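Listed below, chain by chain, are the residues.
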Amino acid sequence: MNLAIVIGVSVYLDASNNLPGCKNDAQAIYQVLKLSNKFENILYLNDDENSLKIKEEISNFITKNKGGAVDEFFFYYSGHGEFFNEEFYYILSDFNTKKRNQSSLQNTELDNLIRSVSPELLIKVIDACQSGTTYIKDINIVSKFFDESKKIFKKCYFLNSSLTSQSSYQDINYSAFTFSFINALKNHTGEEIRYKDIIDVISDDFADNKEQTPFYIVQAEFTEKFCSLTDSLKNYINAVKSSELEEKKYTLSIADLVKKDAEEYVNEEGALNAILEMQKAFQNIKFNAEFEELFSYSADFLTDYKKVPKKEALDKWFRENKGEYFYGAIYEEDVQED
C-alpha cells in the first residue's frame with residue numbers, strides 16, 4: 001500500500017509570521033494525491049492544528065498502518081521551518097522558542113515514525129519558509145543533515161524549497177515552490193510523471209532566482225513514478241491558474257518589513273552566547289600525539305578590549321574588507337599636560 005501525510009500551517013501565535021498561502025498549498029497537494037488514486041491512506045492536517053494534535057494524529061496514523069507492506073510513503077509540509085542545534089524543526093501553529101521541542105515536530109522524530117513502517121520508497125516535499133529566527137541557516141549544514149537522514153531509508157527523494165537564510169516565497173494564494181510542483185504536472189505531456197521530471201521542472205523554474213534556491217537529496221534510480229495523470233487530476237490542476245501567482249502579490253506593511261529585516265541579525269544575548277561557544281571550542285582544541293610532542297597550546301581571552309594588541313592593524317584590515325562585517329573604530333584623543 002501507499003501512504004501519505006499532508007500538513008499545512010498558515011496561522012501562528014505571532015501573527016506577523018502567518019503564511020496565508022500554506023493552506024492552499026496543502027489543499028492542492030492533498031487533492032493531487034487523492035485524485036491520483038495512488039494512495040490508500042492519506043492523513044490530511046490543514047486546520048492549523050496545535051503541536052500536540054499533529055503529533056498525536058501522526059503517531060496514530062503510523063500505528064494504524066503498521067503490519068502491512070508499504071511501497072511508498074509521501075510526506076508533504078508547507079509552513080515555517082527552522083534548523084537549530086543540528087536538528088530540523090517543522091514549526092507548528094503554537095510554536096514557542098522556549099518550548100521548541102514540545103511545540104514543533106522534529107525531523108528525527110518524523111524519520112523514526114516513518115521508518116517503523118519500513119517503506120520501500122520515502123518522498124519528502126518540504127516547502128518551508130524561514131521561521132524568522134536569528135540563527136544562521138547554512139545550506140551545507142542542512143543538506144548534510146538531510147543527507148544523513150536518507151541513510152536510514154532504502155530509497156528516497158527529499159525536495160526542499162529553501163533551507164538557507166533565504167525565504168521560500170509565496171503570495172496569498174500559493175508558495176512559489178509548491179506552485180512549481182503543481183506546474184510540473186500541468187505541463188507534462190505524458191500519461192505518467194516521474195519524481196525526476198518534477199525535480200527538473202522546479203530546477204528550471206528557479207534557475208535564475210537568486211533569492212530562493214531549492215535543493216534535493218536523492219537516493220533512488222530516477223525511474224520512480226509520482227503518479228498517473230488521470231482525467232480528474234488533469235481537470236483539477238488545469239484549474240490552478242498561473243496568473244494567480246503573478247498578479248496577486250502578497251505584500252508586507254512597512255512595520256512588518258522592518259521586523260522581518262531585524263530578524264536576520266542576532267541580538268546581544270545571542271552574540272554573547274556565540275562568543276562563549278567560540279571560547280569553549282578554542283579551549284577544547286586538541287592536537288594529535290605527534291604534534292603534542294612539538295607544540296604546546298593555550299587559549300587566552302581578553303576582557304579589557306582597550307588592550308587589544310595591534311589595534312591599528314585590525315582597523316586597517318576591517319576598513320579594507322568593508323561590507324562583510326558590522327565594525328567601526330572609535331578613536332579618543334588623549335592629551336597629556338606637561
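**Quick word on helix α2 (residues 51-64)**
Residues lying three or four places apart along an α-helix face the same way, a consequence of the helix completing one turn every 3.6 residues.
Line of reasoning, step 1. Across its 14 residues, α2 extends 20 Å between first and last C-alpha, which sits within 8% of the 20 Å expected from 1.5 Å per residue.
Line of reasoning, step 2. S51, I54, K55, I58, F61 and I62 are the residues of α2 that are buried. Summarising the axial view, the buried residues of α2 lie within an arc of 125 degrees, below the 170-degree limit, and thus occupy one face. Across from the buried face of α2, at angles greater than 90 degrees, the exposed residues are L52, T63 and K64.
Line of reasoning, step 3. Measuring from the side-chain oxygen of the N-cap residue of α2 to the backbone nitrogen of L52 gives 3.3 Å; that N-cap residue is N50.

**With respect to the pairing of strand β1 (residues 2-8)**
Line of reasoning, step 1. Burial analysis of β1 places 7 of its 7 residues in the buried class, which makes it a mostly covered element.
Line of reasoning, step 2. The side-chain alternation of β1 yields two buried faces, one formed by N2, A4, V6 and G8 and the other by L3, I5 and I7.
Line of reasoning, step 3. Strand direction decides the pairing type here: β1 and strand β3 (residues 72-84), joined by 7 bridges, are parallel. Its bridge partner lying in β3, I5 is registered against F75.
Line of reasoning, step 4. The sheet contact formed by β1 and strand β2 (residues 41-45) spans 5 bridges and is parallel. Counted as the bridge partner of I5 is L43 from β2.

**With respect to the environment of F226**
Line of reasoning, step 1. With respect to the helices and strands, the residue F226 is situated in strand β10 (residues 225-228).
Line of reasoning, step 2. In this structure, the C-alpha to C-alpha distance between F226 and I193, residues 33 residues apart in sequence, is 5.8 Å.
Line of reasoning, step 3. Other than its neighbours up to four places away in sequence, F226 contacts V32, L33, K38, F74, F181, L185, I193, R194, Y195 and I198.

**Here we look at the pattern of salt bridges**
Line of reasoning, step 1. One pass over the full model with this rule turns up 12 salt bridges.
Line of reasoning, step 2. Of the charged contacts, one joins K38 and E72 as a salt bridge, the two residues approaching to 2.8 Å between their closest N and O atoms. Residue K38 is found in the loop between α1 (21-35) and β2, and its partner E72 is found in strand β3; the two are separated by 34 residues along the sequence.
Line of reasoning, step 3. For the salt bridge of D197 with R194, the shortest nitrogen-to-oxygen distance reads 2.8 Å.
Line of reasoning, step 4. Using a relative accessible area of 16% as the deciding quantity, one classes D197 as buried.
Line of reasoning, step 5. By relative accessible area, R194 is classed as partly exposed at 28%.

**Here we look at the side chain of N2**
Line of reasoning, step 1. Position of N2 relative to the elements: it lies in strand β1.
Line of reasoning, step 2. Residue classification places N2 among the buried positions, given a relative accessible area of 12%.
Line of reasoning, step 3. Among the polar contacts made by the side chain of N2, one reaches the main-chain amide nitrogen of E72 at a distance of 3.2 Å.

**Concerning the packing of α1 against helix α5 (residues 176-186)**
Line of reasoning, step 1. The N-to-C vectors of α1 and α5 enclose an angle of 25 degrees; their axes lie 10 Å apart at closest approach. Here α1 is positioned roughly parallel relative to α5, judged by the angle of their axes. Between α1 and α5 the crossing geometry is left-handed. Where α1 approaches α5, its residues D25, A28, I29 and V32 are matched on the opposing element by T178, F181, I182 and L185.
Line of reasoning, step 2. When the residues that make up the contact of α1 with α5 are grouped by side-chain class, the tally is 6 nonpolar, 1 polar and 1 charged.

**Points about the confidence of the model for the protein chain**
Line of reasoning, step 1. For the protein chain, the mean per-residue pLDDT works out to 81, and 76% of the residues sit at or above 70.
Line of reasoning, step 2. Low confidence marks residues 131-139, where pLDDT is under 50. Its contacts with residues over four positions away, or in another chain, come to 22 contacts.
Line of reasoning, step 3. Here residues 242-252 is modelled with pLDDT under 50, and outside its nearest four sequence neighbours on either side it reaches 20 contacts, counting other chains as well.

**Some points on the side chain of S93**
Line of reasoning, step 1. When you line up the elements, S93 lands in the loop between β4 (87-91) and β5 (104-106).
Line of reasoning, step 2. Within the local environment of S93, its side chain forms a polar contact with the backbone oxygen of D48, the two atoms lying 3.1 Å apart.
Line of reasoning, step 3. At 3.1 Å, the side chain of S93 forms a polar contact with the backbone oxygen of E49.
Line of reasoning, step 4. With sequence-adjacent residues up to four places away left out, S93 is seen in contact with V9, V11, Y12, L13, D48, E49 and N50.

Conventions adopted
- Residues numbered from 1 in each chain as written.
- Predicted model: local features only at pLDDT ≥ 70, side-chain atom pairs only at ≥ 80, totals over all residues.
- Heavy atoms only, no water.
- Helix = DSSP H or I, 4+ residues; strand = E, 2+ residues; numbered from the N terminus.
- Expected span 1.5 Å × (residues − 1).
- Buried < 20%, exposed > 50% of the residue type's maximum accessible area, 1.4 Å probe, protein only.
- Arc of directions from axis to C-beta.
- Polar contact = N/O pair within 3.5 Å; in protein donor to acceptor, adjacent residues only side chain to side chain.
- Pairing = 2+ DSSP bridges.
- Contact = heavy atoms within 4.5 Å.
- Salt bridge = Lys/Arg side-chain N within 4 Å of Asp/Glu carboxyl O.
- Axes fitted to C-alpha atoms, helices over the stretch in contact; angles between N-to-C directions.
- Parallel < 35°, antiparallel > 145°, perpendicular 65-115°, else oblique.
- Left-handed = near helix turned anticlockwise from the far one by under 90°.
- Nonpolar A, V, L, I, M, F, W, Y, C, P; charged D, E, K, R; others polar.
- pLDDT = per-residue confidence, 0-100.

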